[in-house]
Amino acid sequence: RQVALASLDVMRRQWQPWMAPAAVAAVQLPGLRGESARLAMERNVAAVAPQLMQVLRKGEAEPNELGLALLAVARFKPAGAAAALVERLKAAPKAERIEIFRALPKIEDRTVVPDLVPWLQDADNQIVANAVYALENLTGRHLGPDIAAWRKYAGMESRTPAPPGPQKLD
């Protein structure tokens, strides 16, 4: 792992365009994803974004890699990134949920607003506060944790609200 990290560091310092596949390959290895994402952002290697999205969808990013992975995804904005991250919210641990809420406005995909509104009903105030952050920064509207106002804004008045997280079928 140390050798691989050192290799990525050398690549960052002595960058050549032919090195891009190595940066993409590093995304597949735990412990290297964060540095690979950093390299990609510094050297504009957008090809890492789909690979990072696969890692994020599966919840395979280590806690110390998650922030850089989300920053790279936000920078390169691969198709379907916001929807995939909103879907990941259902299974993600609390710390990861918070980071996803913080990253969503940077992706700038307002189509996920209706999917974020149900998170305002979460029992954890920290989750609610970060859902509000995502909603307000995606839309430019300052409606706070007012579920009714967000439902109206998102055109959801006629739909029945679904609680966040996985649904239990009986």
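Quick caveat: nothing in here was measured; it's all calculated off a predicted structure.

Conventions and cut-offs
- Residues numbered from 1 in each chain as written.
- Predicted model: local features only at pLDDT ≥ 70, side-chain atom pairs only at ≥ 80, totals over all residues.
- Heavy atoms only, no water.
- Phe/Tyr/Trp six-rings, centres within 6.5 Å; stacked < 30°, edge-to-face > 60°.
- Helix = DSSP H or I, 4+ residues; strand = E, 2+ residues; numbered from the N terminus.
- Buried < 20%, exposed > 50% of the residue type's maximum accessible area, 1.4 Å probe, protein only.
- Lys NZ or Arg CZ within 6 Å of the ring centre and 35° of its normal.

Taken as a whole, this structure holds two aromatic pairs when the rule is applied. Plain terms: the ring middles of phenylalanine 101 and tryptophan 119 are 6.0 Å apart, the flat faces sit at 75 degrees to each other, and that makes the pair edge-to-face. Placement of the pair is phenylalanine 101 in helix α7 (residues 94–107) and tryptophan 119 in the loop between α8 (113–116) and α9 (125–139), with a sequence separation of 18 residues. A centroid spacing of 5.8 Å and a plane angle of 85 degrees characterise the contact between tryptophan 150 and tyrosine 153, whose relative ring orientation is edge-to-face. On the criterion of helical spacing, the pair formed by tryptophan 150 and tyrosine 153 is a turn pair, its members being three residues apart in helix α10 (residues 147–153). Judged by relative accessible area, which is 0%, tryptophan 150 ranks as buried. Residue placement shows arginine 102 over the ring face of tyrosine 133; its charged tip is 3.8 Å from the ring centre.

In this section: helix α6 (residues 81–89). Burial analysis of α6 places seven of its nine residues in the buried class, which makes it a mostly covered element. The complete set of buried residues in α6 reads Ala81, Ala82, Ala84, Leu85, Val86, Arg88 and Leu89.

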